[in-house]
Amino acid sequence: MKIVAVKDFAEMSKMAAAKISHQVKEKQNSVLGLATGGTVVGTYEELIKDHKQNQTSYEEIHTVNLDEYLGIDKDNPNSYHQFMMENLFSQININPENIHIPYGLATDYEEESKKYEKVISDLGGVDLQLLGIGVNGHIGFNEPGTSFDSVTHVVELEESTRQANKRFFNSIDEVPTHAITMGISTIMKSKEILLLVSGKTKAEILEKVINEGITETIPATVLKNHPNVTIIADEEALSLVDDEKKREFDQDKEEFSNKYILAN
Ligand code: PGA
């Protein structure tokens, strides 16, 4: 697991966008695994800027999103479909047919989960998966205790997750109680993973992910089993990691920033 320590949200977003843009140019029909949430918004802004200024093309790119709330339609402003349309897809030249997000109003969720796994495998798997992390250590909506063998499935959201996400809704009562998410083994099959972590609220969980062993009670620790993971984390998120440990990350930052530079 490589750790790239950056100053703040803006630097994290630029670095992440540089990496994704590099992937898109290197392999024009890449399959990108995408995430929603506050953490990735800046990255998407940078990708849009890069698309406009440098004509980075998404014409042949396919995307698969991590998750979707259950019980709300695609057109609902709080659906992850809408989040992705607003924050990225409507502003780049992606073919709508190449966008894949689980459907939150499926009549048969088991069938929808199986279908989603097939979509991913038919595409040949995810080349680069973007992730955020929950305050409880979740990746996608895989809450603590989820089996590392899990594939796409329906989950009941933890109270801490609903509380963390209520800022996007009018009230806590409107935050869905369930979601459909790629499983942990689905995520782990990605060829490469980029995890973004920003802000003080994530400091405690990031310290645990870095310093503790691999355990299903902290889902993100599974990433230590993956051969190609980079975490980009800002100063606030790394504030509980001691300085000696942080010095171990210097080399990772140098290598990463030498390789991925956003031309703008
Ligand atoms: P956030 O969510 O980016 O809004 O903090 C991340 C997550 O819950 O995975």
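Treat the numbers as computed from the prediction; the structure is a model and nothing was measured. For every chain, the first residue of the written sequence is number 1, and numbering continues from 1 onward in sequence order. In keeping with the predicted nature of the model, local features appear solely for residues at pLDDT of at least 70, side-chain atom pairs appear and are counted solely at 80 or more, and the whole-chain, interface and lining totals rest on all residues. For the side-chain quantities, the full set of heavy atoms in the structure was used; hydrogens and water were omitted.

A. The arrangement of the pairing of strand S7 (residues 153-156) in detail. The cut-offs for exposure are 20% and 50% of the maximum accessible area for each residue type, with area from a 1.4 Å probe on protein chains only; residues under the lower value are buried, those over the upper are exposed, and the others partly exposed. Numbering goes from the N terminus for both helices and strands, where a helix is a DSSP run of H or I of at least four residues and a strand is a run of E of at least two. Judged by which residues are buried, S7 turns out to be one-sided: His153 and Val155 face inward and are buried, whereas Val154 and Glu156, on the alternate face, are not. When DSSP finds at least two bridges between two strands, those strands are taken to pair. Relative to strand S8 (residues 178-181), S7 is paired through 4 bridges, and the arrangement is antiparallel. Residue Val155 lies in a different strand from S8, and its bridge partner there is Ala179.

B. Examining the packing of aromatic side chains more closely. Here a Phe, Tyr or Trp ring, Trp counted by its six-membered ring, pairs with any other such ring whose centre lies within 6.5 Å, and the pair is stacked when the planes are under 30 degrees apart, edge-to-face when over 60, and tilted otherwise. Summed over all chains, the structure comprises 6 aromatic pairs. Both rings, one in Tyr69 and one in Phe141, keep their centres 5.7 Å apart while their planes meet at 40°; by these two values the pair is tilted. Taken together, the residues span a long stretch of sequence, with Tyr69 in strand S4 (residues 67-69) and Phe141 in the loop between strand S6 (128-131) and S7 at a distance of 72 residues. Their ring planes at 75° and their centres at 6.5 Å tell us that Tyr80 and Phe83 sit as a pair that is edge-to-face. Placement of both Tyr80 and Phe83 in helix H3 (residues 80-87) is noted, with a separation of 3 residues, approximately one turn of the helix. What makes Tyr80 buried here is its relative accessible area of 9%. A residue is classified by how much of its surface remains accessible, and Phe83, at 12% relative accessible area, is buried. What links up through ring pairs into an aromatic cluster is the set Tyr69, Tyr80, Phe83, Phe141 and Phe169. In this analysis the charged atom, NZ for Lys or CZ for Arg, is taken to sit over a ring once it is within 6 Å of the ring centre and within 35 degrees of the ring normal. The aromatic ring of Tyr103 is capped on one face by Lys74, whose charged end is 5.3 Å from the ring centroid.

C. Spatial organisation of the site of the ligand. In these notes, residues near a molecule or strand are those with any non-hydrogen atom within 4 Å of it. Around the ligand, a shell composed of Gly37, Gly38, Thr39, Gly132, Ile133, Gly134, His138, Arg167 and Lys202 is seen. N or O atoms closer than or at 3.5 Å make up a polar contact, with two conditions inside protein: a donor-capable atom paired with an acceptor-capable one, and, for residues adjacent in sequence, both atoms drawn from side chains. Contacts to the ligand include Gly38, whose backbone N or O atom sits 2.9 Å from an oxygen atom. Measuring from an oxygen atom of the ligand, one finds a side-chain N or O atom of Thr39 at 2.4 Å. Protein chains shield 86% of the accessible area of the ligand, which is 280 Å² for the free molecule. Grouping the amino acids of the shell around the ligand by side-chain chemistry returns 1 nonpolar, 6 polar and 2 charged. Only the protein chains shown count as cover for residues, and all accessible areas are computed by the Shrake-Rupley method using a 1.4 Å probe. Each residue is assigned to one of three groups, with Ala, Val, Leu, Ile, Met, Phe, Trp, Tyr, Cys and Pro labelled nonpolar, Asp, Glu, Lys and Arg labelled charged, and all others, Gly among them, labelled polar.

D. Looking closely at the pairing of strand S3 (residues 62-65). Covered by surrounding structure in S3 are His62 and Val64 together with Thr63 and Asn65, the residues of both alternating faces. In this sheet, S3 lies alongside strand S2 (residues 31-34) in parallel orientation, the contact comprising 4 bridges. Within S3, the position partnered with Val31 by the bridge is His62. With the strands aimed away from the viewer, a crossover counts as right-handed if its path from the first strand over the helix to the second runs clockwise. Once you follow S2 into helix H2 (residues 41-54) and on to S3, the crossover reads as right-handed. Pairing of S3 with strand S5 (residues 99-100), which is carried by 2 bridges, proceeds in the parallel orientation. Its bridge partner being in S5, Thr63 is matched across the sheet by Ile99.

E. View of the sheet that holds S8. The strand order across the open sheet formed by 3 strands is S4-S8-S7, and the pairing between neighbours is antiparallel. Each having just a single partner strand, S4 and S7 make up the two edges of the open sheet. Averaged over all pairs of adjacent strands, the angle between strand axes in this sheet comes to 25°, irrespective of strand direction. A fitted line through C-alpha atoms serves as each axis, taken over the contacting stretch for helices, and the angle formed by two N-to-C directions is quoted from 0 to 180°.

None of the figures reported here should be taken as evidence of function without further support.
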